[in-house]
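# Fold and contact review
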Amino acid sequence: MYICFMYSKELLKGTLQTIILKLLTEHPKMYGYEITQKVKELSAGKIAITEGALYPTLHKMEAEGLLLTETVHLGKRVRKYYSITPQGNTRATALVEEFNEFVQTMRTVLFNKLNLEHGNAERESN
Amino acid sequence: MEMLNENQIEQILRDFQARDLKDPSLQDEVLDHLACLIEEAMQEGSNFSDAYAKAQKEFPSESYTQLAEQCVEAKEKAQRKHNFPWFALSSVASILFFIFFIGDGNAQSYPGIQPIPQDTQVALPEIGVSDSDGVLFRVRGNSPVHATARGIVLEIQNLGPDIGCTLLIQHSNHIQTQYIGLNQILVSKGENVEQGQCLGKVLSPRNNIGYLRYRVTWEGQAMDPRNFYSENTWAD
């Protein structure tokens with residue numbers, strides 16, 4: 001029911017918003033299925049977002065004012081497109097930065113790989 | 001990609017209507033999603049009924065009702081958070097409000113503002129899992145941090161270049177506020193501070209997004225800081 005495939009759902013759970021917002025900063029508008037396909041493609045099939053995780057997250061972000069929607073009629077089908085608001089853009093930047101930081105911290109914690117370009121320099125300057 | 005024809009869409013729609021999805025906008029989305037899955041399978045050479053069966057397996061109809069509930073729940077949760085921050089205010093907090101704010105007769109000693117002005121916040125503050133986590137503000141680096149109430153600086157601690165400094169302020173009525181993640185402190189230990197006074201600046205890492213963790217305790221017990229301020233208090 002959740003985003004998973006190669007990775008545990010616990011590991012990916014907190015990243016769904018980040019993934020969706022980042023994608024929408026790069027694409028003017030996308031619909032649900034398109035998002036799942038894009039993520040599958042970008043992750044070489046390693047991350048599959050399921051409907052059960054995708055739609056509640058999209059609806060929540062729409063209610064929070066991070067996303068806008070627009071519907072297009074294709075015969076009897078109605079396609080709902082999502083696009084990002086300025087507020088969503090700001091959030092996307094913050095989430096991506098935060099995630100980047102987190103990955104670096106985790107690397108340090110797990111592999112004791114100090115970030116040479118920043119970490120040591122900062123330590124020495126103090 | 002080849003699109004499903006009207007008859008095929010109608011067939012899916014009929015199966016759908018038998019299921020009574022409460023949220024019509026979700027029904028549109030689920031139908032479109034299902035149709036896309038079918039089209040993908042047909043692209044790979046399946047005929048319609050096989051493709052439909054495969055799509056149903058991948059996205060079983062039993063899950064629609066659950067999905068609709070989850071969507072409604074997620075939306076309501078977001079709206080509560082978005083439009084009505086005081087929703088979280090429990091009756092305990094109301095009593096506290098009475099004791100500190102009215103009982104004390106001095107608005108300044110009650111942490112009724114946010115430590116970071118809203119215009120320097122880059123994202124909604126993050127609420128911790130428990131009250132002792134306080135609230136995490138995400139801000140532009142070097143943003144000023146303000147004392148949320150009148151008090152005395154009790155303790156300043158330097159936790160190194162990664163975390164920065166922490167500052168503890170004692171207010172009247174057994175309230176303490178703690179600010180974690182500053183790089184520049186503009187007050188000193190023992191100094192009296194006023195509500196809104198600048199205490200220092202948020203540690204600015206290389207990416208220019210800084211984090212300030214803010215905690216409130218009452219008689220040593222952690223409280224949810226949001227119970228004290230309204231999210232629109234910052235007027236100047």
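Above this note sits the structure.
This structure is a prediction, so every number in the text was calculated from the model and none was measured. (Residues numbered from 1 in each chain as written. Chains lettered and ligands numbered in written order. Predicted model: local features only at pLDDT ≥ 70, side-chain atom pairs only at ≥ 80, totals over all residues.)

## Notes on the overall build of chain A
Let me state the cut-off plainly: Secondary structure elements follow DSSP: runs of H or I of four or more residues count as helices, runs of E of two or more count as strands, with numbering from the N terminus. Residues with at least 20 neighbouring C-beta atoms inside 10 Å of their own are called buried, those with 12 or fewer are called exposed, and the rest are partly exposed, where every C-beta is derived from the backbone. Residues are scored as being in contact if the C-beta atoms we place from backbone atoms lie within 7 Å.
Scanning chain A for helices and strands turns up six helices and five strands. Going from N to C terminus, chain A has its helices and strands arranged as β-α-α-β-α-β-α-β-β-α-α. By the burial criterion, 30% of the 126 residues in chain A qualify as buried. Considering only residue pairs separated by 6 or more positions, chain A has 52% of its internal contacts joining residues 24 or more positions apart.

## Quick notes on the overall build of chain B
Along chain B, the regular secondary structure elements total five helices and 10 strands. The buried share of chain B, taken over its 236 residues, is 33%. Restricting to contacts in chain B with at least 6 residues of sequence separation, those with at least 24 account for 60%.

## Observations concerning the sheet that holds strand 4 (residues 67–74) of chain A
Cut-off, in case you're wondering: A pair of strands is labelled paired if DSSP reports no fewer than 2 bridges between them. Only the contacting stretch of a helix is used when fitting its axis, a line to C-alpha atoms as for every element, and angles between N-to-C directions run 0 to 180 degrees.
Spatially, three strands are ordered 2-5-4 (chain A) in an open sheet, and the strand pairing comes out antiparallel. Unpaired on one side and paired on the other, strand 2 (30–31) and strand 4 of chain A mark the two borders of the sheet. Sheet analysis places strand 2 of chain A next to strand 5 (residues 77–84) of chain A, joined by two bridges and oriented antiparallel. Paired with M30 of chain A across the strands is Y82 of chain A, a residue of strand 5 of chain A. Contacts from helix 2 (residues 24–43) of chain B reach strand 2 and strand 5 of chain A, with the element oriented near 100° to strand 5 of chain A.

## A few points about the interface of chain A and chain B
Interface size, as often reported, equals the accessible area lost upon joining of the parts. With 27 residues of chain A at the contact, the number on the chain B side is 31 residues. Elements with a contribution of two residues or more to the side of chain A that touches chain B: helix 3 (32–42), helix 4 (51–63), strand 5, helix 5 (86–111) and helix 6 (116–125) of chain A. The leading source of residues in the side of chain A that touches chain B is helix 4 of chain A, at seven residues.

## Looking at the nonpolar core
Grouped burial of nonpolar side chains is what soluble globular proteins tend to show. Defined as follows: Residues of type Ala, Val, Leu, Ile, Met, Phe, Trp, Tyr and Cys that are buried and joined through C-beta atoms within 7 Å form what is called a nonpolar core.
Core analysis: the biggest nonpolar cluster contains 45 residues, and I20, L21 and L58 of chain A together with L34, A35 and I38 of chain B have the highest contact counts within it. When residues in this core are grouped by element, the largest group, nine residues, is from helix 2 of chain B. Excluding anything up to four places from it in sequence, L58 of chain A contacts I20, G32, L67 and Y82 of chain A. I113, I116, A147 and I175 of chain B belong to the second-largest nonpolar core, a separate cluster that totals 25 residues.

## Describing the pairing of strand 2 (residues 135–140) of chain B
Residues and elements named next belong to chain B. Relative to strand 2, strand 1 (residues 126–127) runs antiparallel, the two being bridged by two bridges. Bridge pairing in strand 2 links I127 to V135. Here strand 2 pairs with strand 9 (residues 209–218) via six bridges, running antiparallel. Its bridge partner being in strand 9, F137 is matched across the sheet by L212.

## Observations concerning the packing of helix 2 (residues 16–26) of chain A against helix 4 of chain A
Packed helices, taken two at a time, are described by the angle their axes make and the gap between the axes. All names here are of chain A. Rules: For classification purposes, angles smaller than 35 degrees are called roughly parallel, those larger than 145 roughly antiparallel, those between 65 and 115 roughly perpendicular, and all remaining angles oblique. Note on convention: the crossing is left-handed when the near helix lies turned anticlockwise from the far helix by less than a right angle, right-handed when the turn is clockwise. The nonpolar class holds Ala, Val, Leu, Ile, Met, Phe, Trp, Tyr, Cys and Pro. Asp, Glu, Lys and Arg form the charged class, and all remaining residues, Gly among them, are polar.
Direction vectors running N to C along helix 2 and helix 4 enclose 70°, while the axes themselves pass 11 Å from each other. Classified by the angle between their axes, helix 2 and helix 4 sit roughly perpendicular to one another. Read as a crossing pair, helix 2 and helix 4 show a hand that is right-handed. Between helix 2 and helix 4, the residues in contact are L16, Q17 and I20 and A53, T57, L58 and M61, respectively. Per-class residue counts for the contact of helix 2 with helix 4 are five nonpolar, two polar and no charged.

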